[in-house]
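Understanding the architecture of this molecule
Each chain, written out:
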Amino acid sequence: MVLYPQLIMDALATVTYAGTKKNLVESQMVADTPSVAAPQNEGDSWKVKVVLEFPRDTDPFLKSTVKAAEAAIKYHCAQVFGGSPAEVPVMVEIETEFKSKPRPEVGKMLPDVKNIIAVSSGKGGVGKSTVAANLAIALARLGYKVGLLDCDIFGPSMPKMFEVEDARPYAVNVDGRDLIEPIEKYGVKLLSIGFFVSPDTATLWRGGMATNALKQLIADTDWGELDYFILDTPPGTSDIHLTLLQTLAITGAIIVSTPQQVALADARKGIDMYRNEKVNVPILGLVENMAWFTPAELPENRYYIFGKEGCKQLAEEMQVPLLAQIPLVQGICESGDKGEPAALSSETMTGLAFINLAQSVVTVVNRRNAELPKTKIVGIQK
């Protein structure tokens, strides 16, 4: 009895790959002609070697497909030799290759990104996403290459703020890897889970699903060269924050709060999270949002609705810079809802405030990089 490569190909043609609903041969997954080696001595087995090529190393059908291919080869060999597949004198070796190169390991992601800035808040409703969006645009207007990642998996808001809710990112092949091409608007490269889920449907994911989605948005995207990569983190402290700290070496964090005491209490927790000895991410400074209310008809008047200079006092207490005080102006809300953030215009009071914030961020980042060592990625606790 003799085995030959075509017999092996016939066997592989009976195995359906779930990713394409076609067999392995039709799916062009057999990387090369199978090799068949006859026994050298009496009692030795035939040796069959097959190389299967999968789209990526994270293919969910990889293990089941390999097992099915091995079983099919054994079955076809049993038809030649007689007996059961478990008894045939054939050793089957199946190697796997991948069309898309594997994701870079932690520590080697985003090699062309110079500074990673986390914009955080202790609680929701303080305007953190508004600050993150306007900061990114203001940095771009200053001439820097900027990326913005909406890290709020359960409540993404950036697509609406940039008026790109209908945008659908597509894949590009870069150096053998299939990567997501971020949406670009106002000079900012933007990505959000909001581009991939229905805006009218709640995202009911367990923590593991959310963190895996976040890792994909970070590592499987063609961010290219960036001077500043802004992370709009969800409010509070959560699995998302831990994932970011375990995935990226964050240059520094910016804490956003209103002057209200209840918001400042939560802001302290946000500061403590980054200053934890196991995290040790520098606090670049605080941004006091909704610092005062100025009515359009009385531009010189200030009404301290949420308290006066609470963030300024907290910054002094924590010995960190107060980067900006952003007034509460109706135009900020309206411009965000229309997808035209205030930072697009430096002629308005709020637009100028965000440009000044961007300039302050550049200053503190340069000082941080000159005086402090690079942030280390937080180790995973087992």
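See the structure printed just above.
A short tour of the structure in this document, coming up.

**Comments concerning the sheet that holds strand 4 (residues 46-54)**
Reading across the sheet, the 3 strands line up as 3-4-5 and stay open at both edges, with mixed pairing between neighbours. Each edge of the open sheet is held by one strand with a lone partner, namely strand 3 (35-37) and strand 5 (90-98). In this sheet, adjacent strand axes meet at a mean angle of 15° when their direction is disregarded. Sheet topology note: the strand 4/strand 5 ladder contains 9 bridges and is parallel. Residue pairing across strands places leucine 52 opposite threonine 96, the latter belonging to strand 5. Along the sheet, helix 2 (residues 62-81) makes contact with strand 4 and strand 5, crossing strand 5 at roughly 150°.

**So, a nonpolar patch on the surface**
Together, Leu298, Tyr303 and Ile305 give the surface a local cluster of nonpolar side chains, amounting to about 280 Å² of exposed area. Tracing the chain through its elements places isoleucine 305 in the loop between strand 14 (283-293) and helix 8 (310-318). Given the relative accessible area of 51%, isoleucine 305 is considered exposed.

**Focus on helix 3 (residues 128-141)**
Taking 1.5 Å per residue, 14 residues should reach 20 Å; helix 3 reaches 20 Å between its end C-alpha atoms and fits that length. Every buried residue belonging to helix 3 is among Lys128, Ser129, Val131, Ala132, Ala133, Asn134, Leu135, Ala136, Ile137, Ala138, Leu139 and Ala140, and all of these are buried.

**Some words on the environment of valine 329**
Tracing the backbone shows valine 329 in the loop between strand 15 (322-328) and helix 9 (330-337). Sequence-distant contacts of valine 329, that is, excluding residues within four places in its chain, are made with Thr294, Met349 and Thr350.

**Some points on the packing of aromatic side chains**
All chains considered together, the criterion is met by 7 aromatic pairs. Both rings, one in tyrosine 17 and one in phenylalanine 54, keep their centres 6.1 Å apart while their planes meet at 75°; by these two values the pair is edge-to-face. Here tyrosine 17 is found in strand 1 (residues 16-17), whereas its partner phenylalanine 54 is found in strand 4, with 37 residues between them in sequence. Accessibility assignment for this pair places tyrosine 17 and phenylalanine 54 in one class, buried. Each ring, one from tyrosine 144 and one from tyrosine 228, has its centre 5.3 Å from the other, and the planes form 90°; the classification is edge-to-face. Here the residue tyrosine 144 occupies a position in the loop between helix 3 and strand 7 (146-150), and tyrosine 228 occupies one in strand 12 (residues 226-232), the gap between them amounting to 84 residues. Judged by relative accessible area, which is 3%, tyrosine 228 ranks as buried. Over the face of the ring belonging to tryptophan 292 we find arginine 302, whose NZ or CZ atom lies 3.7 Å from the ring centre.

**A few points about the nonpolar core**
Ranked by internal contacts, the top residues of the largest apolar core, which has 87 residues, are Leu149, Phe162, Phe229 and Ile230. The contact partners of phenylalanine 162, leaving out residues within four places of it in the chain, are Ala133, Ile137, Leu148, Lys185, Tyr186, Val188, Leu190 and Gly339. By size, the runner-up hydrophobic cluster in this structure holds 26 residues, among which are Trp46, Val50, Phe54 and Leu62.

**Here we look at the packing of helix 7 (residues 261-275) against helix 8**
Relative orientation of the contacting elements helix 7 and helix 8 amounts to 35°, with a least axis distance of 11 Å. Considering how the two elements wind past one another, helix 7 and helix 8 form a crossing that is right-handed. Packed against helix 7, whose contacting residues are Leu264, Ala267, Arg268, Ile271 and Arg275, the element helix 8 presents Gly310, Cys311, Leu314, Glu317 and Met318 at the interface.

**With respect to the side chain of threonine 258**
Mapping threonine 258 onto the fold places it in the loop between strand 13 (252-257) and helix 7. With residues up to four places along the chain from it excluded, the contact list for threonine 258 reads Val126, Ala263, Leu264, Asn289, Met290 and Cys311.

**Remarks on the pattern of salt bridges**
If you walk through the whole model with that rule in mind, you get 9 salt bridges. For lysine 49, the salt bridge identified is with glutamate 95, shortest N-O distance 3.2 Å. Residue lysine 49 is found in strand 4, and its partner glutamate 95 is found in strand 5; the two are separated by 46 residues along the sequence. For lysine 49, a relative accessible area of 33% puts it in the partly exposed group. Owing to a relative accessible area of 31%, glutamate 95 belongs among the partly exposed residues under this scheme. Lysine 145 is the salt-bridge partner of glutamate 225, the closest N and O atoms lying 3.4 Å from each other. Of this pair, glutamate 225 sits in the loop between helix 5 (207-219) and strand 12 while lysine 145 sits in the loop between helix 3 and strand 7; the two residues are 80 residues apart in sequence, bridging distant segments of the chain.

**Notes on the sheet that holds strand 15**
Strand order in the open sheet made by the 8 strands is 10-11-7-12-6-13-14-15, with mixed pairing throughout. The open sheet is flanked by strand 10 (183-185) and strand 15, the only strands paired with a single partner. Each neighbouring strand pair of the sheet contributes to a mean axis angle of 25°, computed without reference to strand direction. Where strand 6 (residues 113-120) lies against strand 12, 6 bridges are found, and the strand directions are parallel. In the sheet register, isoleucine 116 faces strand 12, and the bridge partner there is phenylalanine 229. Those strands touched by helix 3 are strand 6, strand 7, strand 11 (188-192), strand 12, strand 13 and strand 14, and its axis lies near 170° from that of strand 12.

Calculation rules
- Residues numbered from 1 in each chain as written.
- Predicted model: local features only at pLDDT ≥ 70, side-chain atom pairs only at ≥ 80, totals over all residues.
- Heavy atoms only, no water.
- Pairing = 2+ DSSP bridges.
- Helix = DSSP H or I, 4+ residues; strand = E, 2+ residues; numbered from the N terminus.
- Axes fitted to C-alpha atoms, helices over the stretch in contact; angles between N-to-C directions.
- Contact = heavy atoms within 4.5 Å.
- Patch = residues over 30% accessible without salt bridge, like charges linked within 9 Å, V, L, I, M, F, W, Y side chains within 5 Å.
- Areas by Shrake-Rupley, 256 points an atom, 1.4 Å probe, with all protein chains shown as cover.
- Salt bridge = Lys/Arg side-chain N within 4 Å of Asp/Glu carboxyl O.
- Buried < 20%, exposed > 50% of the residue type's maximum accessible area, 1.4 Å probe, protein only.
- Expected span 1.5 Å × (residues − 1).
- Phe/Tyr/Trp six-rings, centres within 6.5 Å; stacked < 30°, edge-to-face > 60°.
- Lys NZ or Arg CZ within 6 Å of the ring centre and 35° of its normal.
- Core = buried A, V, L, I, M, F, W, Y, C linked by side-chain atoms within 4.5 Å.
- Left-handed = near helix turned anticlockwise from the far one by under 90°.

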